[in-house]
Each structure stands twice: as structure tokens, then as C-alpha cells.
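# Residue-level structure breakdown
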Protein chains: 2
Amino acid sequence: MDYQSLFSSRAAKPAPALFRAGAAIPPGVIPLTYGFPDPGSFPIEALVEAATRVLREQGKDALQYGPIQGPEAFRALLVAKLRAEGIQAGAENILVTVGGSQGIDLVGHLFVNPGDVVLVEAPTFIGALQTFRNLEADIQEVPVDEHGMDTDALAQRLEQLVAQGRPPKLIYTIPTFQNPSGTTLSEPRRQALVDLARRHGVMILEDDAYGELRFSGEALPALYARAPEEGVIQVRTFSKILAAGLRLGYVVAPKELMARLLQLKVDVATSPFVVSLAQAFASDGAAGLEPLQRHIETLQGVYRARRDAMLSALEEYAPPGVEWTHPDGGFFTWVTLPEGADAGALLAKATEAGVSFIPGAQNFPQTDGRRHMRLSFSFLPPEQLTEGIRRLGRVLHDAL
Amino acid sequence: MDYQSLFSSRAAKPAPALFRAGAAIPPGVIPLTYGFPDPGSFPIEALVEAATRVLREQGKDALQYGPIQGPEAFRALLVAKLRAEGIQAGAENILVTVGGSQGIDLVGHLFVNPGDVVLVEAPTFIGALQTFRNLEADIQEVPVDEHGMDTDALAQRLEQLVAQGRPPKLIYTIPTFQNPSGTTLSEPRRQALVDLARRHGVMILEDDAYGELRFSGEALPALYARAPEEGVIQVRTFSKILAAGLRLGYVVAPKELMARLLQLKVDVATSPFVVSLAQAFASDGAAGLEPLQRHIETLQGVYRARRDAMLSALEEYAPPGVEWTHPDGGFFTWVTLPEGADAGALLAKATEAGVSFIPGAQNFPQTDGRRHMRLSFSFLPPEQLTEGIRRLGRVLHDAL
């Protein structure tokens, strides 16, 4: 059968082969690739208890079809969580999704026609790039520096695109502990971003996958908090604060957009069983979210120690001319090699030396990102991170 | 903010308001609407045991990100299940999805550009209609009679569409215990359908959501079994044989299509926790699927009794001129009122009389389906089905 002639235009071209964070790593190699939560921190016994309680006490609902938007009680819990973070939203603003990724996909489908411009940070999350490629978007970059997205460059880019008759539909940003750069958008730039988007009538898609995992510095208000009901949609996830394997997230969106998001969400409803499980774990009753909050505090401690180990090891082992970001939270640091270096070309040598990383080139939709690599400190204990960076340091010394 | 001007063309038009099976029903009303599994049949204690085992023994994997296609061991189990049904497939033919609905959505995205023709049965599943509407497909009907899709009409329709330069991309069919009609495609029509699709180079999307729940008659081979690797994709679900609330399904597809399906599945992976739970429930080890098979046999008994109760009650209470299908399995029977009757117009009276049903009009994308109603026998125990049909019979007597 001739499938090729039947493919939709979105599927006709094969996607670029990406080095996914889950790719197999040879034994003996320390994977600084995995942007995965620490498996040792999964609250196994609390989940056994929660699963048992959910199945026995609410099994008839939890195992049944449920409301597409998500159960009202769970959305009410999320409302309380958001309030505690300074985000004013109601249950009617929340759509429960399959991880944060489904949120990005739904918002993409809501706005993006083939050829529409989507602005992303350079570098950005490869999962979002794949989603926007599937939508046949015209993906345009805005550079990132140590304070997050460069909003002066954004202002210029917006003017240019509008002048060219190609006004963007969407600005996709991970303002806090960005994947892959680990950077956080500064306070003045947050305001500038919201102002620019509003002035040009562009939606902001704020991906806040890592914001809860802050280990140093002051929390900055979310973009959504600055502009509720006014052009910002936030996507959130339980992947980093509870368990990635549950595939649970949510979208916080202006009420006006909810009916259309629901019509695009054709998977009936995010697993009512998973939702009930997360709710039973997160809450000790109507009172609130203390069990989840305590668990997040534990995670902050775990990941703080890992970040510290990785950054100290970089200080010790990285050769001169190599730079890296100093994240206040999240899972990643982002390494920049001297001009002319090619991280991808070093990967085979690094693997031979017993360490792996993600070459940064694939995080850029347009410009050349060969000088960069993403290092994840979330997955491994401090000793292994230190040893991994020691090995990487040797490879860099030899190569540079 | 002017959202309207930002919407994608797929989202610009609001979807028709559908009477979803999960819509709230007033108290005291017997819901013949719910196309839901019997909540009394959920295997609660076996799932408590399975969840405990999965979390304690495999928690570090089950709660972590997993492979997009689904874990190899789970796909191997599905391969064994398919073989037992006469379907030859390998693990490389299987993609684990969020229910059957995500399968329909992914296959739709794989083939359908805006304006492309998709052929569906009339009547058909409203979830699939919504998916194809989101894809901006040109949805065309093929009529269904007591032997399933009318393949003579299909042959004609295909000739016409090809002559008009609008060759369809996809034929969407639920050949066994169809939703909503309860009918099953006959053996000769199965062959005719596969032959016609092959001759015209059209993909078949075979939705086999109900096939395992046969309570009478002989099993017929799946369309996929007739043409593996040759233009048929099957979508399957655990919603009816284990628990809808898990949101677990799978696609069986030609190997050649797998890489592209994976690139369209941007939600990372169907919940590894849910997959592990289903696997732990379904299998008693490498040996096979006996626990699942035993559970399916229990369900067959439960639903057989419910079907029998509903059909007997229809014999007893339906006024002359009213017809209904006699399903050999699944969840539904389909009622046809005399010419000129309007089921939708009777819904308010029926609700007043203490019974509700789904008006059939919404199951037709083109022609007028006002004479029809869908009655579900899956959700309620026999006594309530009998009482519901008694009430409905009175309403029909008065109206016709």
C-alpha cells in the first residue's frame, strides 16, 4: 500500500531524529542526559496507601469515565494551590490534562494554523518544538541570556514580524528554571513580556513545569498572575513534584477559552483514577495541600544538593573558557563551550569516557546551537554527578 | 483580548453541543444514556493488589517517564492477546495510547488534511465525529443496516468520490457491536470492505472497542486480521474490559506507520503507572492472560443478562411500529421509530416519565437521524433496565 500519498501534510515529512532524554545509555556511562525526577524520591508507601483508599472508597467513580475538564473537587484543590502561589483562578479556569505536554498540544491546536508564527526561546524544550512542528508552525526564535528570554530582542522580532504581515499567534516560554537553560526570566522582563504580548495581541503560553522546585532566591510571580483572563495560558504538571509516570498536568486558561479547549481534548478525560490518586496523595482532606507541600519541600532539598554537587564539580573540573548557568531551581544547567566548539562532536568521546549529555543543537529551531550542552542534575545522586562532571571535564580539557 | 481572531481555523467554529453520555441526569430518572461499563464489575480488590505490587516492586519505573510506544513487556502481552484472537502482530505493530480515543485522534492526524474526505458509518460514534471535525475533515456517510455498514453503498460512494476527484483518505468503522447501533458487520461484508478499501487505496480505521464482549453468536475475524501490514489500523481499549477510568488503549498498525504515529504522540507516553497496573492485573506472569480472560468471561455474563433484560422489555413494552437491533455483544441497542417521529422531541417527556436515552440525530454527520435513539444496557442492573423500558414504552405509546 502506498502510504506516502495518503499522509497528511503534517506527517508527510519525517521528524528530525532527536536525542530524547529517555534514550538508552550504555552500561557504565553516567547519564547527565536524563531530565527525569529522582526515582528515589517517589513516595511509594504514601501512594500505596492512596491507591488503596481511592480504589476501595471511590473505585466506582475513579475507574469510570469522568468529566472531560476534570473532577470539580480536584480542580478546587488546584485553585487552592494556585492561590497560595499568588495566582487568582477559579475551577472554571482549569483543565486537567495528560501531563504538561498535552496542555501545550491543546493550546497549539487552539491557535496555530499551518504557517502561523510561533515564537519560542532559543534554546527551548524539544517536546514543544515537536508539537509546533506537528502543527506546521513557522517557529521563530528569541534568544535567551542569563535573565531568561531577551525581551528587547522579542520587541524587535515582534515589530519585524508584524511589519512583514506575519504577526505571531503564540509566544511559548518557560520563564522559571527553563528547560534546557536553567535560567529564570527576571522581574522587569516578565512585565515587558506581558506588555509586549498584549500590545501586539499575541497569546503567551507559559510553561511552568519547574517553578515549584526553587532552592534559592526569591519566587517571582507567574506571567499568568499578572494577566489572568488576559492573554496568558499556563501549563502545569505533576511530573516533577509527584511522579512523571502518572502523566498528570493541568492548563490554567481564561474562562472564555475553556469550551474550545474541551472540544479539542478528544481523549474523553485525563485518567480519573490517576486524578483521584494524586488528589488522595496531595490532600489530607478539605483542609488543604499539606502532604503535597511537605513532599515538595523534601524534593527541594534533594535537588538543591544535586545542583550544588554539579555546580561545584563544574567549578573544579571544567577547563577555562567553558561557561554554565547557575539555576535557582529545576533540573538543568546549560553549558556553553568556547566559540567554534561542537558539543555534538564530543558526545562519542564523552560516552567512551563514561559520561553522556544532551547536545544543545536540537534545542534551537533556527540558529546554530552546537556550542551548547544540557546537563541534568535531577536524576543522579551527588557522588555520581561529581564523577560524571570529572569525566566530562577531562574530555573537554582534551578537546578544547 | 480578541481571542476570536487568534483561533486556528479548526477552533474558530464552536462544536455542536452534543448530548454526551456523561451528561448529568436528574435524580429519579433511569439513565439509558450512559454508555458506561458496569461499575459493580470493577475488580477493586484485584486492582488494590496489583497497584500495591506495581508500586512496591516496580515503582521506580512505573512512576517515571517511559518509552513513547509503551513498554516492550506490555506490548508483548498484547501480542499474545491478539494472537489468541487470530490477529498476527508483533510488538513493533503496537502503540499504547490514552484509551481508544487517542488512537482515533493519532490516526486522524496521520492522514487527514483539512477538506479530506473521511467515510464513516451512519450512525457512528460521536467521539470520532468530534475528532474528524477538529481535523476539518469532509465527513461523508455510508449507511448501516442490521448487517453493519452497507458495503454496496460504500462501493457506490467510493466510485462517486473518486470520480469527483475527492478520493477518501480513511474509512472509519466499528465493525463489531457498533456504537451506537449494536450491529455487527457480516462475514461477506468484511471481505468486501477490505477489498474495496484496497482497490481504492483508502485506509481502514477499525475501532474494535466492544469485540471482546460477545455473548452470543460466532466471533468473526477482525478486519486487521485479514490485512495485516496492508492498509488497516485497529484501535483498541481497556475501557470496556477493565476500567474506563484508567484511560488505556492501543493501536495495532502496519510497522511502516509506527515512526510517524510516534512523532504525533506528543504526550511523552501513556501513563507507565496505568500500563503497569493493567499488566499486573491482566497477567499472572509470563505464562499469559488468564486473569484478564476470566474477568472478560465474567463481564460477558453480566452484560448478556442486561442485554436480555432490555430486549425482553422492549418486546413487552414497545408499541407496534418501533424497531430495535438485536446485538450479540457490546453495550447498545438502537431503536428506530416510525417514519416522521422525532426521538429528540420525546426526550423531555421521557425525562418527565423517569427515563432518558440518547437521541440518534447527533450520530449522523449528514442525514437526518431523528427517528433513532440509542439505548445502553451496560450501566444498569436488569431490574432497572426493565423498569426504564417500561417507562419509555409508555411515552412512546402516548406519542406515536
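Numbering of residues begins from 1 in every chain and follows the order in which that chain's sequence is written. Just so you know, chain letters begin at A and ligand numbers begin at 1, following the order they were written in. Under the rules for a predicted model, residues below a pLDDT of 70 receive no local features and side-chain atom pairs below 80 are neither given nor counted, while totals for whole chains, interfaces and linings still include all residues.

## Observations regarding the overall build of chain A
Numbering goes from the N terminus for both helices and strands, where a helix is a DSSP run of H or I of at least four residues and a strand is a run of E of at least two. Tallying secondary structure elements over chain A gives 14 helices and 14 strands in all. Only C-alpha atoms enter the radius of gyration, while the globule expectation follows 2.2 Å times N to the 0.38, with N the number of residues. In terms of C-alpha radius of gyration, chain A reaches 21 Å, essentially the compact-globule figure of 21 Å for 400 residues. Taken along its principal axes, the extent of the C-alpha atoms in chain A is 60 × 55 × 55 Å. Counting other C-beta atoms within 10 Å of a residue's own tells you its class, since 20 or more makes it buried, 12 or fewer makes it exposed, and anything in between is partly exposed; those C-beta atoms are placed from the backbone. Across the 400 residues of chain A, 56% fall into the buried class.

## What about the sheet that holds strand β13 (residues 358-359) of chain B?
Residue and element names in this part refer to chain B. Strand order in this open sheet of 4 strands is β10-β11-β14-β13, and the pairing throughout is antiparallel. Bordering the open sheet on either side are β10 (323-324) and β13, each of which pairs with just one other strand. Here, a strand pair is defined by DSSP locating no fewer than two bridges between the strands. Pairing analysis gives 5 bridges linking strand β11 (residues 332-336) to strand β14 (residues 372-376), with the strands arranged antiparallel. Residue Trp 334 lies in a different strand from β14, and its bridge partner there is Arg 374.

## Some thoughts on the interface of chain B and chain A
Residues are treated as contacting if the C-beta atoms built from their backbones sit within 7 Å of each other. On the side of chain A, 68 residues touch chain B, which itself brings 68 residues to the contact. Contributing elements (two or more residues each) for the side of chain B that touches chain A: α1 (9-12), α2 (44-62), α4 (99-111), α5 (126-134), α10 (258-264) and α11 (272-282) of chain B. Of the residues forming the side of chain B that touches chain A, the biggest block, 10 residues, is contributed by α2(B).

## A few points about unusual backbone geometry
Residue and element names in this part refer to chain A. A cis amide bond links Ala 122 to the next residue, Pro 123, at an omega of 10°. Here Pro 123 is to be found in the loop between β3 (117-122) and α5 (126-134). In the segment running from Asn 179 into Pro 180, the intervening peptide bond is cis, with an omega of 15°. Following the sequence through the fold, Pro 180 ends up in the loop between β6 (170-173) and α7 (187-200). In this model, Glu 136 sits at a positive phi of 55°, which is unusual for a non-glycine residue. Here Glu 136 lies in the loop between α5 and β4 (138-145). Phi is positive for Arg 247, close to 55°, though the residue is something other than glycine. Here Arg 247 shows up in the loop between α9 (239-243) and β9 (249-252).

## Points about the relation of the copies chain B and chain A
Overlay of chain B on chain A (RMSD 0.0 Å): rotation 180°, translation along the axis 0.0 Å. With respect to symmetry, the two chain copies, as superposed, fit the operation of a two-fold axis. Relative to the rotation axis, the C-alpha of Ala51(B) is the closest in chain B, positioned 3.5 Å from it. Of all interface residues in chain B, 100% are interface residues in chain A too; the two copies therefore contact each other through one and the same surface. To superpose the copies, least squares is applied to the C-alpha atoms of every residue with a pLDDT of at least 70 in both.

## Side note on the pairing of β4(A)
Remember that side chains alternate between the two faces of the sheet whenever the strand is regular. Residues and elements named next belong to chain A. As paired elements, β3 and β4 share 6 bridges and run parallel to each other. Bridge pairing in β4 places Ala 122 opposite Pro 143. Of the strand pairs in this sheet, β4 and strand β5 (residues 148-149) are connected by 2 bridges, and their pairing is antiparallel. Across the sheet, the residue bridging to Asp 145 is Gly 148, located in β5. Remark: 2 residues form the turn of the hairpin made by β4 and β5, two consecutive strands paired antiparallel.

## What to know about the domain arrangement of chain A
Residues and elements named next belong to chain A. Parsing chain A into structural domains produces domain 1 (4-43 + 293-399) and domain 2 (60-288). These domain limits were set by an automatic method or by a database of domain assignments. The C-alpha-based centres of domain 1 and domain 2 are spaced at 23 Å. Listed by partner, the interface residues are 34 residues for domain 1 and 34 residues for domain 2. For the side of domain 1 that touches domain 2, the secondary structure elements donating two or more residues are α1 (9-12), α12 (290-317), β11 (332-336) and β14 (372-376). In the side of domain 1 that touches domain 2, the residues fall into 15 nonpolar, 14 polar and 5 charged. Under the convention adopted here, Pro, Cys and the residues Ala, Val, Leu, Ile, Met, Phe, Trp and Tyr are nonpolar, Asp, Glu, Lys and Arg are charged, and Gly plus all remaining residues are polar.

## Focus on the sheet that holds strand β4 (residues 138-145) of chain B
All names here are of chain B. Taken together, the 8 strands give an open sheet; going across it, the order is β2-β9-β8-β7-β6-β3-β4-β5, and neighbouring strands pair in mixed fashion. The open sheet terminates on both sides in strands that have one partner only, identified here as β2 (94-97) and β5 (148-149). Two elements, strand β6 (residues 170-173) and strand β7 (residues 203-207), share 4 bridges in a ladder whose sense is parallel. Its bridge partner lying in β7, Ile 171 is registered against Ile 204.

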